[in-house]
Amino acid sequence: MPEIVPLPAFQDNYIWTLRDAKSAAVVDPGEARPVKEYLAREGLTLVAILATHHHPDHVGGVEELVAMKKVPVFGPKGEPIPALTNPVGQDDKVEIPELAASFSVLDIPGHTRAHVAYYGLGSLFCGDTLFACGCGRVFEGTPEQMLHSLTKLAALPDETRVYCGHEYTLANIRFARTVDPHNAALAAREERVKQLRDAGRPSLPSTLGEERATNPFLRCSEPVVVESANKYLGARVANPVQVFAAIREWKNKS
Ligand SMILES: [Zn+2]
């Protein structure tokens, strides 16, 4: 099974890199430089690029990498992914034979119109849809779509490792604690993540079990989260989509 390594990019992006002794595939290369440096340093050959959505901080490096080495570029059909060779959507398979890796594609629209996730090897690459203890902003879809996408991801097994696109975890946890103040698992998570970040280490991957227990955006039916949404709105709502929309708006303003 390939090793999965984070390559930091920009301020807080991760380019997730799957590698063995010879080959590497990258997920969401927003810039080419960290990938090129890593490949050169480790003596690896690039074999595939996977894109979750079209935002420049996720695909900005694709063209430069493809110019260096012509490899398949997987990405959502229906989004302008540079140098896309293999447009994919729900239930398509992504095979990377050099790494003996296979992924299923899940459509998870909301952050962007056709955002996808890649699930395989017990791992989930979910771009800017599900974050550790948070979720992406709803730019091109509706809150209903985004909640549906998050619910779909939340149905994967507890032990699934969650590799998202940004190191936002600590700020997300701080917000989550205002929404879900008495959650002991969340308090424990804050301590764990603080220690990791103080040591200069990524807070990722998390697990889906951990997300289900602590991520307020996956807990829109929990009475305490509903109550907090109501306080924020100054109105009574109980429908999970309304609760989700309320805490998403609250997080945008916080
Ligand atoms: Zn994005």
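Residues numbered from 1 in each chain as written. Predicted model: local features only at pLDDT ≥ 70, side-chain atom pairs only at ≥ 80, totals over all residues. Heavy atoms only, no water.

**Student:** For this particular structure, what's the right way to read the overall build of the protein chain?
**Tutor:** Broken down by element type, the protein chain carries nine helices and 14 strands. For 254 residues, the compact-globule formula gives about 18 Å, and the C-alpha radius of gyration of the protein chain, at 18 Å, lands near that figure. On the principal axes, the C-alpha backbone points of the protein chain span a range of 55 × 40 × 30 Å. Evaluated residue by residue, the protein chain yields a buried proportion of 54% over its 254 residues. Across the protein chain, contacts joining residues at least 24 apart in sequence account for 57% of those joining residues at least 6 apart. Seen as two clouds, the 27 positive and the 31 negative side-chain charges of the protein chain have centres 3 Å apart. (Helix = DSSP H or I, 4+ residues; strand = E, 2+ residues; numbered from the N terminus. Rg over C-alpha atoms; globule rule 2.2 N^0.38 Å. Buried < 20%, exposed > 50% of the residue type's maximum accessible area, 1.4 Å probe, protein only. Contact = heavy atoms within 4.5 Å. Lys, Arg positive; Asp, Glu negative; His and termini not counted. Charge placed at Lys NZ, Arg CZ, Asp CG, Glu CD.)

**Student:** It is not clear to me how the packing of aromatic side chains should be interpreted in this structure. Could you clarify?
**Tutor:** Given two aromatic rings, one states the distance between the centres and the angle between the planes to describe the pair. Going through the model one piece at a time under the given rule, you end up with nine aromatic pairs. Arranged with centres 5.2 Å apart and planes meeting at 45°, the rings of Y14 and W16 form a pair that is tilted. Owing to a relative accessible area of 8%, Y14 belongs among the buried residues under this scheme. Assessed through its relative accessible area of 2%, W16 is described here as buried. Ring geometry for F125 versus Y163: centroids 5.1 Å apart, planes at 20°, classification stacked. Of the two residues, F125 sits in strand 10 (residues 123-127) while Y163 sits in strand 13 (residues 161-164), which places them 38 residues apart along the sequence. The class of F125 is buried, set by a relative accessible area of 0%. (Phe/Tyr/Trp six-rings, centres within 6.5 Å; stacked < 30°, edge-to-face > 60°.)

**Student:** How should the environment of S123 be read in this particular structure?
**Tutor:** With respect to the helices and strands, the residue S123 is situated in strand 10. S123 gets classed as buried once you look at its relative accessible area, which sits at 0%. Residues S123 and T160, 37 residues apart in the sequence, show an inter-C-alpha distance of 5.4 Å. In contact with S123, other than residues within four places in its own chain, are I4, Y118, T160, R161 and Y163.

**Student:** Whenever I open this one, the coordination of the zinc ion confuses me. Can you help?
**Tutor:** As a benchmark, a tetrahedral metal site with four donors has ideal angles of 109.5 degrees, while an octahedral site with six donors has ideal angles of 90 or 180 degrees. The zinc ion binds to the protein through H53 (NE2), H55 (ND1), H111 (NE2) and D128 (OD); the donor distances cover 2.2 to 2.3 Å. For the zinc ion, the four donor atoms are set out with angles of 89 to 166° between them, so the coordination reads as irregular. Binding-site remark: the zinc ion is held by donors from one chain whose sequence spacing is H-x1-H-x55-H-x16-D. You can see H53 sitting in the loop between strand 4 (45-50) and helix 2 (56-59) and its partner H111 sitting in the loop between strand 8 (101-107) and strand 9 (116-120), a full 58 residues away along the chain. H53 gets classed as buried once you look at its relative accessible area, which sits at 0%. (Donors = N, O, S within 2.8 Å, 3.2 Å for Na, K, Ca; no water. Tetrahedral: all angles 85-135°; square planar, octahedral: opposite > 155°, others 65-115°.)

**Student:** I tried to follow the sheet that holds strand 4 on my own but got confused; where do I start?
**Tutor:** The pairing of strands in a sheet comes from backbone hydrogen bonds and takes either a parallel or an antiparallel form. If you walk across this open sheet you meet the six strands as 1-2-3-4-5-6, and the pairing is mixed. Each edge of the sheet is formed by a strand with only one pairing partner; in this case those strands are strand 1 (3-9) and strand 6 (86-88). Taken over all neighbouring pairs, the strand axes of this sheet differ in orientation by 25° on average, direction set aside. As defined by bridge partners, strand 4 adjoins strand 5 (residues 73-76) across two bridges and the pair is classed as parallel. When the bridges of strand 5 are listed, I49 appears paired with V73. (Pairing = 2+ DSSP bridges. Axes fitted to C-alpha atoms, helices over the stretch in contact; angles between N-to-C directions.)

**Student:** Even after reading the chapter, I still don't get the packing of helix 4 (residues 143-154) against helix 9 (residues 240-253), so can you show me in this structure?
**Tutor:** Each pair of packed helices can be described by the angle between their axes along with the distance between the axes. Orientation of helix 4 relative to helix 9, taken along the N-to-C sense of each, is 100°, at an axis distance of 9 Å. Considered as vectors, helix 4 and helix 9 are oriented roughly perpendicular to each other. Facing helix 4, whose interface residues are P143, E144, M146, L147 and L150, helix 9 presents P240, V241, F244 and A245. For the contact of helix 4 with helix 9, the per-class residue count stands at eight nonpolar, no polar and one charged. (Parallel < 35°, antiparallel > 145°, perpendicular 65-115°, else oblique. Nonpolar A, V, L, I, M, F, W, Y, C, P; charged D, E, K, R; others polar.)

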